[in-house]
Amino acid sequence: MKTDNIKVLVVDDDVIERKSIKRELTLKYSEYQVMEASTAEEAFVYIKNMSFDVIIIDYHMPQINGIEAIINLRTMAHLKHTAIVMISNNNDEQLMLDCINAGAQDFLLKSDVTENQLARTILQSRKRHELELQLQDSYQQVKHLAERDKLTGLHNRYYFDEALTRMLAYQKRTPDELIAVILFDLDKFKHINDTFGHEVGDKLLVAASQRILKILRGDELFARFGGDEFVLACAHLKTIRQIKGVIRRLTKAFTTPFSVDGHYLYCTSSIGVAISPINGYTGEELLKMADIAMYRAKKSSQKRYCLFEDNMQEAFLRKYKIESELRQAIKKNEFRMNYQPIVDVNTNKIIGAESLIRWPNGKTSKSPGEFIPIAEEAGLIQVIGKWVLQEVISYISNLLGEKKRDLYISINVSPCQLSDKRFTAFVESLLKSYKVPASSIVFEITETALLNEDATTLEALTSLHELGIRIALDDFGTGFSSISHLLICPINIVKVDKSIIQHITQAYSNHRSMLEGLAYMLNKLDIRIIAEGVETKQQAKLCMETGIELIQGYFYYKPVNEDDLYLLLDKVEEKTVN
Ligand code: C2E
Ligand code: CA
Ligand code: CA
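First, a word on what this report is: a plain description of the structure on this page. Within every chain, residues take consecutive numbers counted from 1 along the sequence as written. Chains and ligands are labelled by the order in which they are written, letters from A for the one and numbers from 1 for the other. In keeping with the predicted nature of the model, local features appear solely for residues at pLDDT of at least 70, side-chain atom pairs appear and are counted solely at 80 or more, and the whole-chain, interface and lining totals rest on all residues. Excluded from the side-chain calculation are hydrogens and water; included are all heavy atoms of the structure.

1. A few points about the overall build of the protein chain
Then comes step 1: Secondary structure elements follow DSSP: runs of H or I no shorter than four residues count as helices, runs of E no shorter than two count as strands, and numbering proceeds from the N terminus. When helices and strands are counted, the protein chain shows 22 helices and 20 strands.
Then comes step 2: Between the two quantities, the radius of gyration covers C-alpha atoms and the globule rule is 2.2 Å times the number of residues to the power 0.38. Relative to a compact globule of 578 residues, whose C-alpha radius of gyration would be 25 Å, the protein chain shows 39 Å and is clearly more extended.
Then comes step 3: Along the first, second and third principal axes, the C-alpha set of the protein chain runs to 125 × 50 × 45 Å.
Then comes step 4: For every residue, the accessible area obtained with a 1.4 Å probe (protein chains only) is divided by the maximum for its type, and the residue is called buried under 20%, exposed over 50%, and partly exposed between those limits. Out of the 578 residues in the protein chain, the part that is buried amounts to 47%.
Then comes step 5: The contact rule is simple, with two residues in contact once any of their heavy atoms fall within 4.5 Å. Put simply, of all contacts in the protein chain between residues at least 6 apart along the chain, 67% involve residues at least 24 apart.
Then comes step 6: Exposure was quantified through the Shrake-Rupley algorithm and a 1.4 Å probe, taking into account, for residues, occlusion by the shown protein chains and nothing else. Of the roughly 30,000 Å² of accessible surface on the protein chain, 52% is carried by carbon and sulfur atoms.
Then comes step 7: Just so you know, the count uses Lys and Arg for positive and Asp and Glu for negative, and it drops His and the chain ends. Working definition for charges: the position is that of NZ of Lys, CZ of Arg, CG of Asp or CD of Glu. Positive and negative side-chain charges in the protein chain, numbering 71 and 78 respectively, have mean positions lying 3 Å apart.

2. A look at the packing of helix 11 (residues 310–331) against helix 12 (residues 368–377)
Then comes step 1: Axis definition: a line fitted to C-alpha atoms, over the contacting stretch in the case of helices. Angles run 0 to 180 degrees between N-to-C directions. Where helix 11 meets helix 12, the closest approach of the two axes is 10 Å, and the angle between their N-to-C directions is 80°. In terms of axis orientation, helix 11 runs roughly perpendicular to helix 12. Residues Arg318, Lys319, Ile322, Glu323 and Leu326 of helix 11 pack against Glu370, Phe371, Ile374, Ala375 and Glu377 of helix 12.
Then comes step 2: The residue inventory of the contact of helix 11 with helix 12, partitioned by class, reads 5 nonpolar, no polar and 5 charged. Geometric relationships in this document are graded by angle, where less than 35 degrees denotes roughly parallel, more than 145 denotes roughly antiparallel, 65 to 115 denotes roughly perpendicular, and other angles denote oblique. Gly is put with the polar residues, along with every residue not named as nonpolar or charged; the nonpolar set is Ala, Val, Leu, Ile, Met, Phe, Trp, Tyr, Cys and Pro, and the charged set is Asp, Glu, Lys and Arg.

3. Digging into the site of ligand 1
Then comes step 1: Lining the immediate environment of ligand 1, one finds 22 residues, of which Arg358, Asp474, Lys498, Glu535 and Tyr554 sit closest.
Then comes step 2: Definition of a polar contact: a pair of N or O atoms within 3.5 Å, with one able to donate and the other able to accept a hydrogen when the atoms are protein atoms, and with sequence-neighbouring residues admitted only if both atoms are side-chain atoms. Within the side chain of Ser414, a nitrogen or oxygen atom sits 3.1 Å from a nitrogen atom of ligand 1.
Then comes step 3: The backbone of Tyr554 places a nitrogen or oxygen atom 2.8 Å from an oxygen atom of ligand 1.
Then comes step 4: Notes on ligand 1: free accessible area 790 Å², of which the protein chains cover 84%.
Then comes step 5: Broken down by secondary-structure element, the contributors of at least two residues to the shell around ligand 1 are strand 13 (336–344), strand 14 (349–358), helix 12 and strand 17 (470–476).
Then comes step 6: Per element, the largest residue contribution to the shell around ligand 1 is 4 residues, and it comes from strand 14.
Then comes step 7: Classifying every residue of the shell around ligand 1 gives 9 nonpolar, 6 polar and 7 charged. We call a residue near a molecule or strand when any one of its heavy atoms sits within 4 Å of it.

4. Brief notes about the coordination of the calcium ion (ligand 2)
Then comes step 1: Note that water is not among the atoms considered, so a metal site may appear incomplete; the donors listed are N, O and S atoms within 2.8 Å of the metal, with 3.2 Å applied to Na, K and Ca. Listed as protein donors to the calcium ion (ligand 2) are Glu354 (OE), Asn412 (OD1), Glu444 (OE) and Asp474 (OD); their distances from the metal cover 2.1 to 2.3 Å.
Then comes step 2: Spacing between the donor residues of the calcium ion (ligand 2) along their common chain follows E-x57-N-x31-E-x29-D.
Then comes step 3: Between the two metals, the calcium ion (ligand 2) and the calcium ion (ligand 3), the spacing is 3.9 Å, and Asp474 donates to both. Here Glu354 is found in strand 14, whereas its partner Glu444 is found in strand 16 (residues 441–446), with 90 residues between them in sequence.
Then comes step 4: The class for Glu444 is buried, based on a relative accessible area of 2%.

5. Structural notes on helix 4 (residues 93–102)
Then comes step 1: Within the span of helix 4, buried status applies to Leu95, Cys99 and Ala102. Down the axis of helix 4, the smallest arc covering the buried residues is 65°, so these residues share one side. Away from its buried face, by an angle of more than 90 degrees, helix 4 presents the exposed residues Glu93 and Asn101.
Then comes step 2: Where helix 4 begins, the side chain of Asp92 points an oxygen toward the backbone nitrogen of Gln94, at a separation of 2.9 Å.
Then comes step 3: Where helix 4 terminates, the next one or two residues include Gly103, which has phi positive at roughly 130°. Note that the arc is computed from the directions linking the helix axis to the C-beta atoms.

6. Focus on the coordination of the calcium ion (ligand 3)
Then comes step 1: Looking at the calcium ion (ligand 3), the protein donor atoms are Asp474 (OD), Asp475 (OD), Glu532 (OE) and Glu532 (OE), and they sit 2.2 to 2.9 Å from it.
Then comes step 2: Between the donor residues of the calcium ion (ligand 3), the gaps in sequence give the motif D-D-x56-E.
Then comes step 3: Residue class for Asp474 comes out buried when judged on its relative accessible area of 6%.

7. Here's the deal with empty space enclosed by the protein
Then comes step 1: Cavities and pockets were defined on a 1 Å grid built over protein atoms only: a cavity is a set of grid points that admits a 1.4 Å probe from which the probe cannot escape, a pocket is an open set flanked by protein on both sides within 12 Å along at least five of seven lines, and lining residues are those with an atom within 4 Å of any such point. Grid points are joined across faces, edges and corners, and a volume is the space filled by probe spheres set on the points. In the structure shown here, the tally under the stated rule is 1 cavity of 30 Å³ or more.
Then comes step 2: When residues of the lining of the largest cavity are traced back to their parent elements, those giving at least two are helix 2 (40–49), strand 3 (54–58) and helix 3 (66–74).
Then comes step 3: Broken down by element, the residue count for the lining of the largest cavity peaks at 4 residues, all from helix 2.
Then comes step 4: Its residues assigned to classes, the lining of the largest cavity comprises 10 nonpolar, no polar and no charged.

8. Considerations on the layout of surface pockets
Then comes step 1: Each pocket or cavity is described by its volume, and for the second largest pocket that value is around 410 Å³.
Then comes step 2: The wall of the second largest pocket is formed by 17 residues, among which Ile350, Ile351, Asp406, Leu407 and Tyr408 lie closest to the centre.
Then comes step 3: Contributions of two or more residues to the lining of the second largest pocket are made by strand 14 and helix 22 (562–570).
Then comes step 4: It is strand 14 that contributes the most residues to the lining of the second largest pocket, 3 residues altogether.
Then comes step 5: Its residues assigned to classes, the lining of the second largest pocket comprises 9 nonpolar, 2 polar and 6 charged.

9. Structural notes on unusual backbone geometry
Then comes step 1: At the junction of Ser276 and Pro277, the peptide bond is cis and its omega measures out at 5° in the coordinates.
Then comes step 2: Following the sequence through the fold, Pro277 ends up in the loop between strand 11 (269–276) and helix 10 (283–299).
Then comes step 3: Located in the positive-phi region is Asn348, a residue other than glycine, with phi close to 60°.
Then comes step 4: Here Asn348 is to be found in the loop between strand 13 and strand 14.
Then comes step 5: Notably, Lys435 is not glycine yet its phi reads approximately 55°, a positive angle.

Any functional reading would require information beyond the geometric quantities listed.
What follows is the structure, encoded as structure tokens:
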């Protein structure tokens, strides 16, 4: 606080009072520089053009009441460091308190004004104001810490939740307006973090948040929830089209790479949107729905964003239920294995069987097509997969030990099992302890396992292949079938998906022509081919004519339990195709 050249503005319509204050201050103290204003207007002209350390203002002015005057002065940013002293003839305590509450630092009765008293009041009010400002600053700092995300400076979850609640309450007054809660995260952020380190990851988060700030209008709520998850809440929207406009700008923000520490990082984002009042009324509901929608967007290969739809909630709940039932099923050992024979059409002999998991007690789901992907996502497939391996390999051991049989059992393996470095060693130890030759098992993998092009997967496949285990490429013809996988990976068998087989009997079927070409090519590559999902005699016949000799499908056998496979192997039914 400076103590020389203290600039004071005295505002009083009573000229005698004004002059007397000026005199009291300037006669004895040389450090005071005093200006006078007789009206509020005049005072505001001074204030606009000059800075003051203290304003002494009379409570009773002709056009403006003292409290209003203080409030007006306190809204002026450049008066932040100016102390205000109110003077009045009115000895009313309440009035005094009201002035202090409105932002004055002191209140002085005109009858008490003496030169000493005035100087003391000025000193004290300046000191008080300085302390108030310091307190306010530290309050702001604490508030900032509590409400802001440290890394990006955006609001944090705590602030967002509170502000969204206020936004939603306000919306009740304007029921025709929409509020969009837009949740998004950065795809493959973890990968970037792992590859380039956390420092680069953090800088990417800052760069992304800054880029997004640039595309916003300014009245949105924008927060980081932690990790790579961000959220936007936009109010005053009238149509879904407007919401899509925001999403479009958001997606566009991610189209160019981020330059961080000399790396050009391409990074897309997955966006989930929930809209009030269409989807929900509370912040909690909307965030949950946006989360479900974001999850959908992430799963979809084409869509970068997803708006919440009612049936998602149902699907989400179903999935959640299945996941918790799966956890119980693992503990209670509720899974069983079935086996579906694979037949050589030339001899009608069973040359192998595919092991398929069953969950007889499954309450919400019994279909592995549904519960296996859920187990994969929930990270439960490792435990289930280990159980399957153990169960099937011990079964083969019995099957082969009992009689000399020439057949193999195939086992479905999920991509996440293959990316576990200990997988091959585990399989090898099982084969050893059950004395099962590697040639009696085949691992079925889908193309999604190969799509990641992750080195561990390829290594695992190669080492399994070296052990003597054959690899089958499952569900060929769905999704991303790529010939290059057949050349790069050690594939011995291709299983043509049932969706293709279903179409081959139609007249002029493209599927049939494709199958013919495929069979020809695979024969050349010395890869065996199995037609899956053959349900009719006609389909089986066409497969044969196409050059496919191995068939798996209801036309021959449905999946059967362990005991029934024994029976089947002993009594191979005659099934003629011709
Ligand atoms: P997938 O590997 O393609 O298995 C073939 C599916 O087709 C089986 O369904 C089988 O019952 C069914 N199927 C066989 N013949 C026919 C037919 O003629 N017509 C029709 N419409 N369907 C036929 P399932 O048992 O429901 O299994 C579904 C999927 O679940 C499997 O598809 C596989 O991806 C997965 N799965 C099953 N067991 C396991 C397992 O032990 N581990 C892993 N990771 N996945 C498994
Ligand atoms: Ca399979
Ligand atoms: Ca299949």
